[in-house]
Amino acid sequence: MSLILGLESSCDDSAAALVTSDRHILAQAVVGQTQAHQPYGGVVPEIAARAHVEILPDLITRVLDEARLSIRDVDAVAATAGPGLIGGVMVALLAGKGLALAAGKPLVAVNHLEGHALSPRLVDPDLGFPYLLLLVSGGHCQLLEVRGVGDYRRLATTIDDAAGEAFDKAAKLLGLGYPGGPAIEELAQSGDPTAVALPRPLVGSAEPHFSFAGLKSAVQRAVVSGDFRPEDIAASFQQAVVDCLVDRTAIALDKTDAPALVVAGGVAANGAIRTALADLAARRGRRFSVPPGWLCTDNAAMIAWAGAERFAAGLTDALDAPARARWPLDPAAEKVRGAGVKA
Ligand code: KG4
Ligand code: ZN
């Protein structure tokens, strides 16, 4: 059994957690920065980085105190090393390096996306490799065949916006706060998902890629028209995203023999999306696994867990490990036409 300290600061959540290789979360703490970024309707990288510097050390002390442990008791320090907002990424990575150096512990430089990708295995011990992963977060929308630790084959990605980005943009158009996903989900509950005719970009196409930019523009037109209630726009938008995710994931299931379908990342906290994908998996005779909501949005338990999986596989990193703004899980994946900056 090994004990891993995990650190996360790649976007707007500062987090620390202590997790064991036999799946016990001894302590964890997450502090978001919603208030600091709210006036801007999105995350301001400079503000996020400065906030991590102030918040993260206290979270490290807090989880160690809560578990009544010292840094000397851990077997390795796992820190997110990318991808993400580079100023933020550097905070947890350098904090992790400092602790590893001072306590003489190995460092595990964790890919944040691998944190999301392996997170279901922290709470679902029976979930073995391979599985098809729908990774839906603020910065990414991908379908990946997860073959093992550090072993990913990307089947699809978005050609424009990520799913979470679409939620955040739609929420902004509706005058809801940031982050948009939870706000849209709540408003959608009192709306009619058939009220507004919205497009389902790429639905029916042969490759399982995603596109959400056209959907955002259609939401904008619906808002500007003044013809619809906000709750109906929210519900119709959410239904359009659900339909896109289900159609694209169904195509990807045809391209893999993986016995399980997994959904992870912040957008996987959405109830309608969870239900629709569970139904799809059931129809296709695949096992379904989704982490609880708190493990879908950014946290350090998933970083500690990915660290535990990598540590068990002998994958530790030297103290000169780089901080990376971009870091694809499948570096061999071909660039998709129209895919701009998103890895
Ligand atoms: O994984 P995450 O916490 O951070 C990134 O790595 O990006 O994902 C954040 C994204 C945001 O775009 C947020 O709006 C979205 O996840 N999100 C949701 C929900 N909760 C968070 N989207 C839809 N429904 C939700 N309940
Ligand atoms: Zn994330």
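The structure presented is a predicted model; accordingly, all values stated were derived computationally and were not measured.

*Asks:* For a nonpolar patch on the surface, give the residues involved together with the corresponding values.
*Replies:* There is a patch of nonpolar side chains on the surface, built from I25, V123 and W294 and spanning about 240 Å² of accessible area. Tracing the backbone shows V123 in helix α4 (residues 112-123).

*Asks:* Outline the nonpolar core, listing residues and values.
*Replies:* If you look at the biggest cluster of nonpolar residues, it comprises 46 residues, and the most contacted ones within it are V136, F212, F237 and L245. Residue contributions to this core peak at 13 residues, all from helix α8 (residues 230-253). When neighbours within four sequence positions are excluded, L245 is seen to be in contact with L134, V136, C141, F210, F212, I273 and L277. Listed in part, the 32 residues of the second largest apolar core include V146, A264, W305 and A306.

*Asks:* How would you explain the pattern of salt bridges if you had to name every residue and give the values?
*Replies:* Evaluation of the coordinates by the stated rule reveals 15 salt bridges. Residue K169 pairs with E165 through a salt bridge whose shortest N-O separation is 3.6 Å. In this pair, K169 and E165 both sit in helix α5 (residues 163-173), 4 residues apart, roughly one turn of the helix. K169 gets classed as partly exposed once you look at its relative accessible area, which sits at 27%.

*Asks:* How would you summarise the coordination of the zinc ion (ligand 2) if you had to cite specific residues and measurements?
*Replies:* Those protein atoms acting as donors to the zinc ion (ligand 2) are H112 (NE2), H116 (NE2) and D298 (OD), and they sit at 2.0 to 2.1 Å. Each donor residue of the zinc ion (ligand 2) lies on one chain, and together they are spaced H-x3-H-x181-D. Taken together, the positions of H112 and H116, both in helix α4 and 4 residues apart, correspond to about one turn of that helix. In this structure, H112 and H116 share a single accessibility class: buried.

*Asks:* Outline α5, supporting the account with residue identities and numerical values.
*Replies:* Taken together, the buried positions of α5 are occupied by A163, G164, E165, A166, F167, A170 and A171. Buried residues along α5 sit against β6 (131-136), β7 (141-148), α6 (180-188), α7 (213-225), α8 and α9 (271-283). Count one or two residues on from α5 and you reach G175, which has phi positive near 75°.

*Asks:* Now, about the site of ligand 1: what can you tell me, with residues and values included?
*Replies:* In the region of ligand 1, 20 residues are neighbours, and G138, D168, G181, E185 and D298 sit closest. Within the side chain of E185, a nitrogen or oxygen atom sits 2.8 Å from a nitrogen atom of ligand 1. Taking G266, its main chain carries an N or O atom lying 3.0 Å from an oxygen atom of ligand 1. Starting from 550 Å² of accessible surface for ligand 1 in isolation, the protein chains cover 90%. At the level of secondary structure, the elements contributing two or more residues to the shell around ligand 1 comprise α4, α5 and α6. Here the shell around ligand 1 gets 4 residues from one element, more than from any other, and that element is α6. Here the residues of the shell around ligand 1 sort into 6 nonpolar, 11 polar and 3 charged. Each of domain 1 (3-117 + 295-312) and domain 2 (129-290) accounts for three or more of the residues forming the shell around ligand 1.

*Asks:* Explain the packing of α5 against α7 residue by residue, including any values.
*Replies:* At a closest axis distance of 10 Å, the pairing of α5 and α7 adopts a crossing angle of 15°. The angle between α5 and α7 places the two elements in the roughly parallel class. In this structure, α5 meets α7 at a crossing whose hand is right-handed. Two secondary-structure elements touch here, α5 through K169, A170 and L173 and α7 through K216, V219, Q220 and V223. For the contact of α5 with α7, the class distribution of residues is 4 nonpolar, 1 polar and 2 charged.

*Asks:* Residues and numbers for the side chain of T80, please.
*Replies:* As for its position among the elements, T80 is in strand β4 (residues 76-82). The class of T80 is buried, set by a relative accessible area of 1%. Separated by 2.6 Å, the side chains of T80 and E8 make a polar contact. Sequence-distant contacts of T80, defined by excluding residues within four places in its chain, comprise L7, E8, S10, V89, L93, V110, H112 and I303.

Criteria and cut-off values
Residues take numbers from 1 onward in each chain, read along the sequence in its written order. Chain labels run from A onward and ligand labels from 1 onward, assigned in the order the entries are written. Given that this is a predicted model, residues contribute local features only at a pLDDT of at least 70 and side-chain atom pairs are listed and counted only at 80 or more, while totals for whole chains, interfaces and linings are drawn from all residues. Side-chain numbers come from the whole structure's heavy atoms, not from hydrogens or water. Nonpolar side chains (Val, Leu, Ile, Met, Phe, Trp, Tyr) are joined into patches within 5 Å and like charges within 9 Å, using only residues with over 30% relative accessible area and no salt bridge. Surface accessibility follows the Shrake-Rupley procedure with a 1.4 Å probe radius. Residue values consider only the protein chains on display as shielding. The rule for a salt bridge is simple: a side-chain nitrogen of Lys or Arg has to be within 4 Å of a carboxyl oxygen of Asp or Glu. Where helices and strands are cited, they refer to DSSP runs of H or I of at least four residues and of E of at least two residues respectively, numbered from the N terminus. What is meant by a nonpolar core is a set of buried Ala, Val, Leu, Ile, Met, Phe, Trp, Tyr and Cys residues, joined one to another through side-chain atoms within 4.5 Å. To sort residues, take the accessible area from a 1.4 Å probe on protein chains only and compare it with the maximum for the residue type: under 20% means buried, over 50% means exposed, and anything in between is partly exposed. The criterion used for residue contact is that any of the two residues' heavy atoms lie within 4.5 Å. Water is absent from the atoms considered, so a metal site may look incomplete; donors are defined as N, O and S atoms within 2.8 Å of the metal, or 3.2 Å for Na, K and Ca. Here a residue is considered near a molecule or strand provided that any single heavy atom belonging to it is located within 4 Å of it. N or O atoms closer than or at 3.5 Å make up a polar contact, with two conditions inside protein: a donor-capable atom paired with an acceptor-capable one, and, for residues adjacent in sequence, both atoms drawn from side chains. All amino acids are sorted into three groups, where Ala, Val, Leu, Ile, Met, Phe, Trp, Tyr, Cys and Pro are nonpolar, Asp, Glu, Lys and Arg are charged, and the leftover types, Gly among them, are polar. Domain boundaries shown here were taken from an automatic or database domain assignment. Convention adopted: a line fitted to C-alpha atoms gives each axis, helices being fitted over their contacting stretch, and angles between N-to-C directions are expressed from 0 to 180 degrees. Angle categories: roughly parallel below 35 degrees, roughly antiparallel above 145, roughly perpendicular from 65 to 115, and oblique for all the rest. Handedness of a crossing is defined here by the sense of rotation of the near helix relative to the far one, left-handed for an anticlockwise turn of less than a right angle and right-handed for a clockwise turn.

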